[in-house]
Amino acid sequence: MQFRDLKTQYQVLKNDIDKAMIDVAASSAYINGPQVAQFEKELAEYVGVKHCITCGNGTDALTIAMMAWGIGVGDAVFVPDFTFFSSGEIVSHAGGTPIFVDVDDDTFNISAESLEKAIVKVKEEGKLTPKAVVAVDLFGLPADFEAVRKVADKYGIYVLEDAAQGFGGDINGKKACGFGDISTTSFFPAKPLGCYGDGGAVFTDNDEWAELIKSIRVHGKGSMKYDNVRIGLNSRLDTIQAAILSVKLKAFAEYELVDVNKVADKYTELLGDIVKTPVIPEGFYSSWAQYTIQLENKKVRDGLQAYLKEKDIPSMVYYPKPMHDQQAFGLNGEEHVDCSVTSRLCDTVLSLPMHPYLKDEEIATVVDAVKEYLGK
């Protein structure tokens, strides 16, 4: 059993993907070939935004957003305490200060209440200037952008949507990657839409920022690549990855997103009375980057994971350590605001095998093992 079955996906899409890769090889347009611009157009249309600019990976996409906004020393950027390291790393890399805030116990996404408390505290301390919030669409579910936007607008800060895991999700029909002033995603292979290497994209409706982002991703170029008007990055999506992603986007939109939601519904139906299953608020739609259950405590979680491993059932813990406890940030475990929900989640979450090609019998095998261990 695969945690994220990329082998089966390839076999299903093999003919189209092989042709796409061979076409790139035959053209020799390995960098900035026509497939890149075509894929950017497809992404923008799918999400429903004016501009999509692809780049080297999801972390670069976030970094480029920080650079476009001029985030630097003395700036506070608010980040969920329960997320992947890069969501906060990009703030420190820019010279800003990440301020970690708590998340909602049901959705795993940023708590607007905790966000506002953190902003107020920073303003009262007077040492930093609140500039932006990184709202992460964790595990495939968009953050509560209505609530986040209300707080952000109240205090005049930017909203950066980190949809590395959220591509394909939506709120009342509006797609993820369309909620931020700038939004980003990742095409890491295991993401809802993944390539065969690294890749990422930046989305915005702001024309000025779009031109700035296009410059930043190619060494800060001006009128041409040897005219450098600012410090930038070398961050491009390879043509072959764009060609592969165009094929996969078609399958994603036509049936994979629907199928992965069917898998999630089956898990919830079978596990809902056994463990705490993911909560999808009314009007929200998840792309299910992960299916994450909550156990009673760390001992039970770790025991279940070991039991699943004995039965050759893969599982993952996203994430075992809060951001405020990561040594790199130098906080020595000190929270800026209370992050007790995050601390509990780090000890109790477990992600089960999840992908559009998961068979009913495989779901049953996972569910039966969970029930056996918990004695249910």
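Residues numbered from 1 in each chain as written. Predicted model: local features only at pLDDT ≥ 70, side-chain atom pairs only at ≥ 80, totals over all residues. Heavy atoms only, no water.

Which entries qualify depends on this criterion: UniProt positions are given in the numbering used here, feature names are shortened, and annotations may be inferred rather than shown by experiment.
The name recorded for the protein chain in an unreviewed UniProt entry is DegT/DnrJ/EryC1/StrS family aminotransferase, from Gallibacter intestinalis. UniProt, in the comment section headed Sequence similarities (unreviewed entry), describes the protein chain in these words: "Belongs to the DegT/DnrJ/EryC1 family."

## Here's the deal with the side chain of serine 114
Put simply, the test is: Secondary structure elements are defined from DSSP: runs of H or I of at least 4 residues count as helices, runs of E of at least 2 residues count as strands, and each element is numbered from the N terminus. We call two residues in contact whenever any of their non-hydrogen atoms come within 4.5 Å of each other.
Examined against the element boundaries, serine 114 turns out to sit in helix α5 (residues 112-125). In contact with serine 114, other than residues within four places in its own chain, are Val101, Asp102, Val337 and Asp338.

## Looking at the sheet that holds strand β6 (residues 170-171)
Stated formally: Being paired, for any two strands, means DSSP has found at least two bridges between them.
Strands sit in the order β7-β6-β10 across an open sheet of three strands; the sheet is antiparallel. The open sheet has two edge strands, β7 (174-175) and β10 (284-285), and neither has a second partner. Both β6 and β10 contribute to a ladder of two bridges, which runs antiparallel. From the neighbouring strand, aspartate 170 faces β10, where its bridge partner is tyrosine 285.

## A word on the pattern of salt bridges
What counts here: Salt bridges are defined by distance alone: a side-chain nitrogen of Lys or Arg within 4 Å of a carboxyl oxygen of Asp or Glu. Buried, partly exposed and exposed residues are distinguished by accessible area as a fraction of the type maximum, computed with a 1.4 Å probe on protein chains only: under 20%, between the cut-offs, and over 50%, respectively.
Using the criterion set out here, one finds 18 salt bridges in the structure. Note that aspartate 207 and lysine 50 form a salt bridge whose closest N and O atoms lie 2.8 Å from each other. Pair noted here: aspartate 207 is in helix α7 (residues 207-216) and lysine 50 is in the loop between α2 (34-47) and β1 (51-55), with a separation of 157 residues, a long-range link. On the basis of relative accessible area, aspartate 207 is assigned to the partly exposed category, the value being 41%. Among the ionic contacts, a cluster of salt bridges with common partners joins Asp105, Asp106, Lys276 and Arg344.

## Considerations on the layout of surface pockets
Using a probe with the size of a water molecule, rolled over the atoms, empty space left in the structure can be pinpointed. We apply this condition: Cavity means a closed set of points on a 1 Å grid over the protein atoms alone, one where a 1.4 Å probe fits but cannot get out, pocket means an open set with protein on both sides within 12 Å along at least 5 of 7 lines, and lining means a residue has an atom within 4 Å of a point. Grid points are joined across faces, edges and corners, and a volume is the space filled by probe spheres set on the points. Put simply, Ala, Val, Leu, Ile, Met, Phe, Trp, Tyr, Cys and Pro go in the nonpolar bin, Asp, Glu, Lys and Arg in the charged bin, and everything else, Gly too, in the polar bin.
Estimates place the volume of the largest pocket at around 540 Å³. Lining the largest pocket are 27 residues; nearest its centre among them are Phe84, Ala164, Ser186, Phe188 and Lys191. When contributions to the lining of the largest pocket are tallied by element, the ones reaching two or more residues are α3 (58-68), α4 (86-94) and β8 (182-186). Of the residues assigned to the lining of the largest pocket, the class counts are eleven nonpolar, eleven polar and five charged.

## Here we look at the sheet that holds strand β3 (residues 97-101)
Rules: Think of each axis as a best-fit line through the C-alpha atoms, taken over the contacting stretch in the case of a helix, with angles from 0 to 180 degrees between the N-to-C directions.
Sheet architecture is open: seven strands sit in the order β1-β9-β8-β5-β4-β2-β3, paired in mixed fashion. Whereas interior strands pair on both sides, the edge strands pair on one side only; in this sheet they are β1 and β3. When strand polarity is set aside, the average angle formed by the axes of neighbouring strands in this sheet is 25 degrees. The sheet contact formed by strand β4 (residues 129-136) and strand β5 (residues 158-162) spans five bridges and is parallel. Bridge assignment links alanine 132 to a residue of β5, and that residue is tyrosine 158. Relative to the sheet, helix α6 (residues 145-155) contacts β4 and β5, its axis offset from that of β5 by approximately 150 degrees.

## Details of the pairing of β1
By the criterion of burial, β1 is predominantly enclosed, with five of the five residues buried. Residues His51, Ile53 and Cys55 of β1 are buried on one face, and the alternating residues Cys52 and Thr54, pointing to the opposite face, are buried as well. Here five bridges tie β1 to strand β9 (residues 200-204), and the two strands are oriented antiparallel to one another. Looking across to β9, one finds that cysteine 55 is bridged to glycine 200.

## Structural notes on the packing of aromatic side chains
The cut-off we apply is this: Only centres within 6.5 Å qualify two rings of Phe, Tyr or Trp (six-membered ring in Trp) as a pair; their planes then separate them into stacked at under 30 degrees, edge-to-face at over 60, and tilted for everything else.
Counted by the stated rule, this structure contains 23 aromatic pairs. Through pairs of rings, three or more aromatic residues link up here, namely Phe3, Phe82, Phe84, Phe108, Phe139, Tyr318 and Tyr319.

## Points about the pairing of β3
Definition in use: Seen with its strands pointing away from the viewer, a crossover is right-handed when the path leading from the first strand over the helix to the second is clockwise.
Most of β3 is tucked away: four of the five residues are buried. Of the strand pairs in this sheet, strand β2 (residues 75-80) and β3 are connected by five bridges, and their pairing is parallel. By the bridge assignment for β3, proline 80 is matched with valine 101. In the classification by handedness, the crossover that spans β2, the intervening α4 and the parallel β3 is right-handed.

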